[in-house]
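Here are the chains, one letter per residue:
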Amino acid sequence: MVHAYILIQTEVGQAAAVAAKIAEIDGVTTAEDVTGPYDVIVRAEADNVDLLGQLVVARIQNVDGITRTLTCPVVHL
């Protein structure tokens, strides 16, 4: 299982709506609107890196109101 944090910038005033839409996507464990340089932080999981990439590119990035994403895979050192 691969886990990642996805940092999201949204259009002005869209953070809460974007977080709510993303929270409904399979593979997303949490989606919260936050303050700071990013507007939403998502925790997601998938069986492998390829499926994680598909989740981000095909599902999360297609949510209306998103302007930029940054995916940070979790590593265990």
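Here, the structure is the one placed above.
## Focus: the sheet that holds strand β2 (residues 28-33)
Consider a sheet: its strands pair through backbone hydrogen bonds, and that pairing is either parallel or antiparallel.
(1) Moving on: Taken in spatial order, the 4 strands of this open sheet run β2-β3-β1-β4, and their pairing is antiparallel. One side of each edge strand has no neighbouring strand; the edge strands of this open sheet are β2 and β4 (66-73). With direction set aside, neighbouring strand axes in the sheet form an average angle of 20 degrees.
(2) Moving on: Note that strand β1 (residues 2-10) and β4 share 7 bridges and pair antiparallel. Of the residues in β4, the one forming a bridge with Y5 is C72.
(3) Moving on: Strands in contact with helix α1 (residues 15-23) are β1, β2, β3 (40-46) and β4; relative to β2, the strand with the most contacts, it is inclined by about 175 degrees.
(4) Moving on: Contacting β1, β2, β3 and β4, helix α2 (residues 49-60) crosses the sheet at an angle of about 20 degrees to β1.

## What to know about the pairing of β3
(1) Moving on: Taking every second residue as pointing to the same face, the buried face of β3 carries V40, V42, A44 and A46, while none of I41, R43 and E45 on the other face is buried.
(2) Moving on: Here β1 runs beside β3; their pairing, made up of 7 bridges, is antiparallel. Along β3, the bridge assignment pairs V2 with A46.
(3) Moving on: Inspection of the sheet shows β2 paired to β3 by 5 bridges, in the antiparallel sense. Looking at the pairing, A31 lines up with V42 of β3.
(4) Moving on: Linkage of β2 to β3, two consecutive antiparallel strands, is achieved through a turn of 6 residues, within which G36 is found at a positive phi near 120 degrees.

How each quantity is defined
- Residues numbered from 1 in each chain as written.
- Predicted model: local features only at pLDDT ≥ 70, side-chain atom pairs only at ≥ 80, totals over all residues.
- Heavy atoms only, no water.
- Pairing = 2+ DSSP bridges.
- Helix = DSSP H or I, 4+ residues; strand = E, 2+ residues; numbered from the N terminus.
- Axes fitted to C-alpha atoms, helices over the stretch in contact; angles between N-to-C directions.
- Contact = heavy atoms within 4.5 Å.
- Buried < 20%, exposed > 50% of the residue type's maximum accessible area, 1.4 Å probe, protein only.

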